[in-house]
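Commentary on secondary and tertiary structure
Chain residues, written in single-letter form:
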Amino acid sequence: MASLVHHVSVDCADTYRLGTFWAEVLNTKIGEDDHPGDPEALVETEGVSILFIAVPEGKTVKNRIHFDIQPTDRTRDEEVERLLSLGATLVADRRRPDGTGWVTLADIEGNEFCVERSAAERAATAS
């Protein structure tokens, strides 16, 4: 094996605040050693670790890479409502009348991410 992805790194203004937001999205916790004002914050999940790194410049254009979120214990629409209540904002609604599609949201620093249908919703549509 040549290489493994160790972290997905996200540049941001406030590592602790953005890390806390994503920890809530992913139902996990921000690193125990991470505190407000730290230059880095780590959020670890079963599938990936996300490292938030403080940078002086703000986001100015569309993300080149983004997260696709798939809910595990609720529907896509329920997850969209939960994420909006955490502070995400709606960017684009790509849901279709037949139940397929996705919703693009932005996190609290404006980074876009998509919410897809859950595995249960996909299975129900396929049958």
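Heads up: these notes are all about the structure in this document. Since the structure is predicted, the reported quantities are computational estimates derived from the model, not experimental observations.

Turning next to the overall build of the chain. The helix and strand tally for the chain stands at three helices and seven strands. Taken over C-alpha atoms, the radius of gyration comes to 16 Å for the chain, in line with the 14 Å a tight globule of 127 residues would show. Here the C-alpha coordinates of the chain stretch approximately 45 × 35 × 30 Å along the principal axes. Taken over 127 residues, the chain has a buried fraction of 33%. Accessible area for the chain stands at about 8100 Å²; split by element, carbon and sulfur atoms hold 51% of it. Separation of charge centres in the chain, based on 13 positive and 24 negative side chains, amounts to 9 Å.

This paragraph deals with the side chain of Asp34. Its location among the elements puts Asp34 in the loop between helix H1 (15–25) and strand E2 (40–44). No salt bridge is formed by the buried Asp34; the nearest opposite charge belongs to Lys29, separated by 13 Å. Ignoring sequence-local partners within four residues, the contact set of Asp34 consists of Tyr16, Glu40, Ala41 and Leu42.

Its boundaries defined by the atoms lining it, the largest pocket holds a volume of some 540 Å³. Lining the largest pocket are 25 residues, and of these Ser9, Val10, Asp11, Asn63 and Asn111 lie nearest its centre. Residues belonging to the lining of the largest pocket are distributed by class as follows: eleven nonpolar, six polar and eight charged. Reported here for the second largest pocket is a volume of approximately 470 Å³. If you go around the second largest pocket, you meet 18 residues; those closest to its centre are Val25, Leu26, Ile69, Gln70 and Thr72.

About the cut-offs
Residues numbered from 1 in each chain as written. Predicted model: local features only at pLDDT ≥ 70, side-chain atom pairs only at ≥ 80, totals over all residues. Heavy atoms only, no water. Helix = DSSP H or I, 4+ residues; strand = E, 2+ residues; numbered from the N terminus. Rg over C-alpha atoms; globule rule 2.2 N^0.38 Å. Buried < 20%, exposed > 50% of the residue type's maximum accessible area, 1.4 Å probe, protein only. Areas by Shrake-Rupley, 256 points an atom, 1.4 Å probe, with all protein chains shown as cover. Lys, Arg positive; Asp, Glu negative; His and termini not counted. Charge placed at Lys NZ, Arg CZ, Asp CG, Glu CD. Salt bridge = Lys/Arg side-chain N within 4 Å of Asp/Glu carboxyl O. Contact = heavy atoms within 4.5 Å. 1 Å grid on protein atoms, 1.4 Å probe; cavity = no way out; pocket = protein on both sides within 12 Å on 5 of 7 lines; lining within 4 Å. Points joined across faces, edges and corners; volume = space filled by probe spheres on them. Nonpolar A, V, L, I, M, F, W, Y, C, P; charged D, E, K, R; others polar.

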